Structure formats: C-alpha cells, structure tokens
Amino acid sequence: QVQLVESGGGLVQAGGSLRLSCAASGRTFSSYVMGWFRQAPGKEREFVAAISWSGGNTYYANFVKGRFTISRDNAKNTVYLQMNSLKPEDTAVYYCAATTRPAASDARIYDYWGQGTQVTASS
C-alpha cells in the first residue's frame, strides 16, 4: 500500500513557474514508477509525465515537452514536477500516481493516486 500526498500547487501568472511535490509513504518507493496526470474542469484526466523506478527514464506528453521536468528522490520518497512557462491551458488539478508496472501514459495501469493539487495559470 502506498499513500501519496501532493503539494506545491497555486496561482501563478502565465509564463511563471511552479514545482509540485508528491510525497509517498512506505519503504518501497523505489519499486514504483511514478506519474503525473491532470484534469481540467469538464475534461478527462490526461497524462503529463512519468519517471522510471531509478529515475533514468522519463516520459512526457507532447504538450509539456521542453516546459515541464519530472524527477524523483528515492531517498526522500518524493517525486517532483517542475513546471516552467505555464500557460492558462495548464490550469487543472494535478495528480501523482504510482504503479509497479513499466512506465506508461495509460492511467488505468496506475494503482495508487493522490488527492490532487490545484494549479491555476492566469492570463
């Protein structure tokens, strides 16, 4: 069992930056592939980024490439999402998720989810 708690969301002007954190409970954090997803009002949840167990491989949705960076610190049981050059269309609730299966963009393979943190980029 893994519990995930996101933090770091907030209100920022377009072009600004935020860093999201997701703290995981348990001693097997390094066994999990971690992902970030987001859901805007009236839209389906969508994949943002994922990172492999060791952090050696990362995966991004096309719409965040070059702007967002996912990373992890297994010693701190934490995964991060650095978001730069934020756009109004990035406004959403951001969720972190964990899975023991290989990294993928399909939300259905993720077994554990956090409660989400709101990110709002104003124009």
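The model shown is predicted, which means the values in this text are computed figures rather than measured ones.

K.L.:
Explain the environment of E46 to me, please; I cannot follow it from the model alone.
P.N.:
With respect to the element layout, E46 can be found in strand 5 (residues 46–51). Distance from E46 to T69, taken between C-alpha atoms, is 16 Å for residues 23 residues apart in sequence. Excluding residues within four positions of it along the chain, E46 makes contact with F37, R38 and F63. A distance of 2.7 Å separates a polar atom in the side chain of E46 from a polar atom in the side chain of R38.

K.L.:
Just to check I follow, could you spell out the state of the cysteines for this structure?
P.N.:
Here a disulfide denotes a covalent bond joining the sulfur atom of one cysteine to the sulfur atom of another. One pass over the structure, following the stated rule, counts 1 disulfide. The disulfide bridge from C22 ends at C96, spanning 1.9 Å between sulfur atoms. In this structure the cystine formed by C22 and C96 twists about its S-S bond by roughly 45 degrees; its chirality is therefore right-handed. Remark: C96 occurs in strand 9 (residues 92–99) and C22 occurs in strand 3 (residues 18–24); sequence separation between them is 74 residues. Pair check on accessibility: C22 and C96 agree, each one buried.

K.L.:
How should I be thinking about the packing of aromatic side chains in this particular structure?
P.N.:
Aromatic rings considered in pairs are described by the distance between their centres and by the relative angle of their planes. Counted under the stated rule, the structure contains 5 aromatic pairs. With a centroid separation of 6.0 Å and 80 degrees between ring planes, the pair formed by Y32 and Y112 is classed as edge-to-face. Taken as a pair, Y32 in the loop between strand 3 and strand 4 (33–39) and Y112 in strand 10 (residues 112–113) lie far apart in primary sequence, 80 residues in all. Judged by relative accessible area, Y32 falls into the buried class, the value being 8%. Both rings, one in F37 and one in Y110, keep their centres 5.1 Å apart while their planes meet at 80 degrees; by these two values the pair is edge-to-face. Taken together, the residues span a long stretch of sequence, with F37 in strand 4 and Y110 in the loop between strand 9 and strand 10 at a distance of 73 residues. What makes Y110 buried here is its relative accessible area of 5%. Ring pairing ties together the aromatic residues F37, F47, Y110 and W113, which thus form one cluster. The positively charged end of R45 is found above the aromatic ring belonging to Y95, 3.9 Å away from the centroid.

Calculation rules
- Residues numbered from 1 in each chain as written.
- Predicted model: local features only at pLDDT ≥ 70, side-chain atom pairs only at ≥ 80, totals over all residues.
- Heavy atoms only, no water.
- Helix = DSSP H or I, 4+ residues; strand = E, 2+ residues; numbered from the N terminus.
- Contact = heavy atoms within 4.5 Å.
- Polar contact = N/O pair within 3.5 Å; in protein donor to acceptor, adjacent residues only side chain to side chain.
- Disulfide = S-S within 2.5 Å.
- Buried < 20%, exposed > 50% of the residue type's maximum accessible area, 1.4 Å probe, protein only.
- Phe/Tyr/Trp six-rings, centres within 6.5 Å; stacked < 30°, edge-to-face > 60°.
- Lys NZ or Arg CZ within 6 Å of the ring centre and 35° of its normal.

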